[in-house]
Amino acid sequence: MEREITDCSDHTHFLTVLLRTQGDRLNCLQDALLCLAAQTDRDFDVICLVHNAEPESLLAVHALVASVPQWLRERIRVVEVNGGTRARPLNAGVEEARGSYIAVYDDDDLLFADWVEQFHTAAKAAPRRIIRACVVTQQIEPAMWRSGAGLRSISLPEGTYPASFDPLDHFRQNRSPFMSLAFPRELFSVFGLRFDQTLDVCEDWDFLLQASQLCGVEQAEAITAIYRRWNGGTHSAVTHSESVWRSNEKRIIAKLASSPVMLPTGSAHRLHRDVPETVVETVADSAQLEAILNSTSWRVTKPIRHAARIAKRVRRRR
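Residues numbered from 1 in each chain as written. Predicted model: local features only at pLDDT ≥ 70, side-chain atom pairs only at ≥ 80, totals over all residues. Heavy atoms only, no water.

### Examining unusual backbone geometry
Phase 1 of the analysis: Its identity as a non-glycine residue notwithstanding, Arg-128 has a phi of 70°, on the positive side.
Phase 2 of the analysis: Residue placement: Arg-128 occurs in the loop between helix 6 (115-125) and strand 6 (130-145).
Phase 3 of the analysis: Relative accessible area serves as the criterion here: at 36%, Arg-128 is assigned to the partly exposed category.
Phase 4 of the analysis: Phi is positive for Cys-202, which is not a glycine, with a value near 65°.
Phase 5 of the analysis: Tracing the backbone shows Cys-202 in the loop between helix 8 (186-189) and helix 9 (203-215). (Helix = DSSP H or I, 4+ residues; strand = E, 2+ residues; numbered from the N terminus. Buried < 20%, exposed > 50% of the residue type's maximum accessible area, 1.4 Å probe, protein only.)

Have a look at this one:
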């Protein structure tokens, strides 16, 4: 396997950025391109994936790309993708990617100027691992300006997501927004991973759960992006119903439960501490286990379980 990985020598840049857009929020796309133009580390190229766009929207995307600085314009390829779920343009981008690492960037989020630089530095320290940076979240809403339709921020940035990667925590829900991650290209070219096109949502969470078990995660401490959450307007949280989200989440957990799970060093201590033996032995279905761990009764009885463990240790010492 090491030989196969070493032979992947057609990389042209450190990072290929898969910029996903539908061409219907041109003001957001303009900000996204501005963020890329401001990067302190220019060792990257961009594949602008225009998904299910109307002809006039596609023309507008090409016009925006033509307006960026020449050095960046020469590194952007616009790829039109029609049909399929949110994962389809990502897989199309993977086929076109030539960077050593691949990152996904949706057009309504914002990057700080050291986004590529932080990924690059961490990848040099821990090659062939997934790189995870820190992000903050901010609420936004649609707004009308003199120049036309746009958006405005309605909250201060908040540290909603954990500062380090916890695989056990990620089994419960996704705790790493897409733009916080850079994936080594070997996950695609050697291991053959792809984004699941049968999922309507949560394709990022599904992929991270698979990929992190193969190569691990290296944490970069810097905050490198703002994950913007819409309050109103059209976005994935309202385009798909609550039942679709829950159904996709259950499918991902079922997929995870259908094969062996590899955990990092130290996970056994956490499992022993947090989950009683009786629960581990009797609950075979991981979705059922997740429901128990997130239930109100489990949280309410935590002090009782803690006291019982202390009493047990005291009896042993006697």
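Resuming the write-up.
### Considering the pattern of salt bridges
Phase 1 of the analysis: This structure, assessed with the given rule, holds 15 salt bridges.
Phase 2 of the analysis: Where Arg-20 meets Glu-203, a salt bridge forms, and the shortest distance between an N and an O atom there is 3.2 Å. Here Arg-20, found in strand 1 (residues 15-21), pairs with Glu-203, found in helix 9; they are 183 residues apart in sequence, far enough to count as distant.
Phase 3 of the analysis: Measuring nitrogen to oxygen at the nearest pair gives 3.5 Å for the salt bridge that ties Asp-107 to Arg-25. Here Asp-107, found in the loop between strand 4 (101-106) and strand 5 (110-111), pairs with Arg-25, found in the loop between strand 1 and helix 2 (26-37); they are 82 residues apart in sequence, far enough to count as distant.
Phase 4 of the analysis: Assessed through its relative accessible area of 3%, Asp-107 is described here as buried.
Phase 5 of the analysis: One salt-bridge network, held together by shared partners, links Arg-20, Arg-86, Asp-106 and Glu-203. (Salt bridge = Lys/Arg side-chain N within 4 Å of Asp/Glu carboxyl O.)

### So, the nonpolar core
Phase 1 of the analysis: One finds Leu-15, Leu-36 and Trp-115 to be the most contacted residues of the largest nonpolar core, which totals 43 residues.
Phase 2 of the analysis: Of the residues forming this core, the biggest block, six residues, is contributed by helix 2.
Phase 3 of the analysis: Counting residues in each nonpolar core, the second largest holds 25 residues, with Leu-90, Ile-102, Phe-183 and Leu-193 among its members. (Core = buried A, V, L, I, M, F, W, Y, C linked by side-chain atoms within 4.5 Å.)

### Quick word on the packing of aromatic side chains
Phase 1 of the analysis: Evaluated as defined, the whole model comprises 10 aromatic pairs.
Phase 2 of the analysis: Centre to centre, the rings of Tyr-105 and Trp-115 are 5.9 Å apart; their planes meet at 45°, and the pair counts as tilted. Taken together, the residues Tyr-105 in strand 4 and Trp-115 in helix 6 connect sequence positions 10 residues apart. For the pair formed by Tyr-105 and Trp-115, the shared burial category is buried. (Phe/Tyr/Trp six-rings, centres within 6.5 Å; stacked < 30°, edge-to-face > 60°.)

### Some words on a nonpolar patch on the surface
Phase 1 of the analysis: Where nonpolar side chains cluster on the molecular surface, the patch consists of Phe-191, Leu-214 and Met-262 and spans about 280 Å² of accessible area.
Phase 2 of the analysis: Its place among the elements puts Leu-214 in helix 9.
Phase 3 of the analysis: By relative accessible area, Leu-214 is classed as partly exposed at 39%. (Patch = residues over 30% accessible without salt bridge, like charges linked within 9 Å, V, L, I, M, F, W, Y side chains within 5 Å. Areas by Shrake-Rupley, 256 points an atom, 1.4 Å probe, with all protein chains shown as cover.)

### Some thoughts on the environment of His-51
Phase 1 of the analysis: Looking at where His-51 falls in the secondary structure, it is placed in strand 2 (residues 44-51).
Phase 2 of the analysis: His-51 gets classed as buried once you look at its relative accessible area, which sits at 6%.
Phase 3 of the analysis: Once the C-alpha coordinates of His-51 and Asn-82 are considered, the two residues, 31 residues apart in sequence, prove to be 5.7 Å apart.
Phase 4 of the analysis: Leaving out residues up to four positions away in the same chain, His-51 has contacts with Thr-21, Gln-22, Val-81, Gly-83, Gly-84, Thr-85, Arg-86 and Pro-89. (Contact = heavy atoms within 4.5 Å.)

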